[in-house]
Amino acid sequence: MADIIDEATAEFEHHLNAAIANRAKPTPPSPICKNGDCGEKSLAGTSYCCRECREDHEKELWARNNRKIFR
Ligand SMILES: [Zn+2]
């Protein structure tokens, strides 16, 4: 039984480390607005040209992460 527990623990730690690694990787701000085909220059230190673009793109990312398609 100990082997099964060890395997489960190793599996859990693997996922945990992957989650931490993903979170520790910051995305650098994009110089061009990331919202769809907007193409405007981003505001300094952000990845979007305006608040509306950021909200639009965040909604899209959320939808993608939740495997829903807005079409
Ligand atoms: Zn924009």
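Residues numbered from 1 in each chain as written. Predicted model: local features only at pLDDT ≥ 70, side-chain atom pairs only at ≥ 80, totals over all residues. Heavy atoms only, no water.

**Observations concerning the coordination of the zinc ion**
- Every protein donor of the zinc ion is accounted for by Cys33 (SG), Cys38 (SG), Cys49 (SG) and Cys53 (SG), and the metal-donor separations fall at 2.2 to 2.3 Å.
- One way to put it: the 4 donor atoms around the zinc ion meet at angles of 103 to 117°, and that makes the site tetrahedral.
- Here the donor residues for the zinc ion map to a single chain with the spacing C-x4-C-x10-C-x3-C. Just as Cys49 is buried, Cys53 falls in that class too. (Donors = N, O, S within 2.8 Å, 3.2 Å for Na, K, Ca; no water. Tetrahedral: all angles 85-135°; square planar, octahedral: opposite > 155°, others 65-115°. Buried < 20%, exposed > 50% of the residue type's maximum accessible area, 1.4 Å probe, protein only.)

**Overview of the side chain of Ser42**
- Here Ser42 is to be found in the loop between helix H1 (2-24) and helix H2 (51-65).
- Residue classification places Ser42 among the buried positions, given a relative accessible area of 16%.
- Within polar-contact distance, the side chain of Ser42 engages the backbone oxygen of Ser30 at 2.9 Å.
- In terms of polar contacts, Ser42 uses its side chain to reach the backbone carbonyl oxygen of Ile32, at 3.4 Å.
- Beyond its immediate chain neighbours, meaning those up to four positions away, Ser42 contacts Ser30, Pro31, Ile32, Cys33, Ser47, Tyr48 and Cys49. (Helix = DSSP H or I, 4+ residues; strand = E, 2+ residues; numbered from the N terminus. Polar contact = N/O pair within 3.5 Å; in protein donor to acceptor, adjacent residues only side chain to side chain. Contact = heavy atoms within 4.5 Å.)

**Overview of the pattern of salt bridges**
- In this structure the tally under the stated criterion is 3 salt bridges.
- One salt bridge connects Glu55 with Arg51, and the closest N-O pair in it is separated by 3.1 Å. Separated by 4 residues within a single helix, Glu55 and Arg51 lie in helix H2, roughly one turn from each other.
- Arg54 is the salt-bridge partner of Glu58, the closest N and O atoms lying 3.3 Å from each other. Taken together, the residues span about one helical turn, with Glu58 and Arg54 both in helix H2 at a distance of 4 residues.
- The class of Glu58 is partly exposed, set by a relative accessible area of 38%. (Salt bridge = Lys/Arg side-chain N within 4 Å of Asp/Glu carboxyl O.)

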